[in-house]
Amino acid sequence: MVLSSPRPTIDLTRVASELGAKLGERARVSTLHDMVVIDAGPDRLVEVATLLRDDPLTRCDLYSVNAGVDTGAELRSVTFVRGTTTHVFAMLRTRCPEMDPRVPTLSGVWPGANWCERETYDMFGIVFEGHPDLRRIFLEESFPGHPLRKSFLPPRSDARGG
């Protein structure tokens, strides 16, 4: 059995081209496997997300997940959404500096972003500005740091011999 990349079920090139024309300089549009990939700055994130949700071309009405990425130089917030009727699968990426990681929340665009953004905040420390309830979801509030960051050093404890 040979594993291969997922194949798009739509004309991905056409969707990316039309979406790129609509977004212009507000975001960079590309494709990856079966997804449209949109790179937007934090200042344009909500605007681009709203277009993904509302435009008849994409109608991305299903919020799937948010993932944090630590490249070692910067942090990224990566959101995956899908159009249930258009079959568009989109990855929306934005960058933020490691020292002050802030991006606007997408919970106003997709209410399902609420808990996913809380998880990314808990694990990576990315602050989602405007979030209705931004607090840790897995770890206690007093936990020092964010464990999925590359710079994270676990706290020493007697259980670890320290």
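Preceding this paragraph is the structure being described.
Quantities reported herein were computed from a predicted structural model and do not represent experimental measurements.

For the chain, the helix and strand inventory stands at three helices and seven strands. Taken from the N to the C terminus, the helices and strands of the chain come in the order α-β-β-α-β-β-β-β-α-β. Projected onto its principal axes, the C-alpha positions of the chain cover 60 × 45 × 25 Å. Looking at the chain as a whole, 43% of its 162 residues qualify as buried. On the chain, roughly 9,000 Å² of surface is accessible, and the fraction owed to carbon and sulfur atoms is 54%. Side-chain charges of the chain comprise 20 positive and 22 negative groups, with the mean position of each set lying 3 Å from the other.

Looking now at the packing of aromatic side chains. Summed over the entire model, instances satisfying the criterion amount to three aromatic pairs. Between Tyr63 and Trp110, the ring centres sit 6.0 Å apart and the planes meet at 45°, which makes this aromatic pair tilted. Here Trp110 lies in the loop between strand 6 (102-104) and helix 3 (113-124) and Tyr63 lies in strand 3 (residues 62-70), a separation of 47 residues in the sequence. Owing to a relative accessible area of 10%, Tyr63 belongs among the buried residues under this scheme. What makes Trp110 buried here is its relative accessible area of 3%. On the numbers, 6.0 Å between centres and 25° between planes, the contact of Phe143 with Phe152 is stacked. A residue is classified by how much of its surface remains accessible, and Phe143, at 22% relative accessible area, is partly exposed. A cation sits over an aromatic face here: Arg82 above Phe89, 4.3 Å from the ring centre. Taking NZ or CZ as reference, Arg118 lies 6.0 Å from the ring centre of Trp115, over its face.

Quick notes on the rules
- Residues numbered from 1 in each chain as written.
- Predicted model: local features only at pLDDT ≥ 70, side-chain atom pairs only at ≥ 80, totals over all residues.
- Heavy atoms only, no water.
- Helix = DSSP H or I, 4+ residues; strand = E, 2+ residues; numbered from the N terminus.
- Buried < 20%, exposed > 50% of the residue type's maximum accessible area, 1.4 Å probe, protein only.
- Areas by Shrake-Rupley, 256 points an atom, 1.4 Å probe, with all protein chains shown as cover.
- Lys, Arg positive; Asp, Glu negative; His and termini not counted.
- Charge placed at Lys NZ, Arg CZ, Asp CG, Glu CD.
- Phe/Tyr/Trp six-rings, centres within 6.5 Å; stacked < 30°, edge-to-face > 60°.
- Lys NZ or Arg CZ within 6 Å of the ring centre and 35° of its normal.

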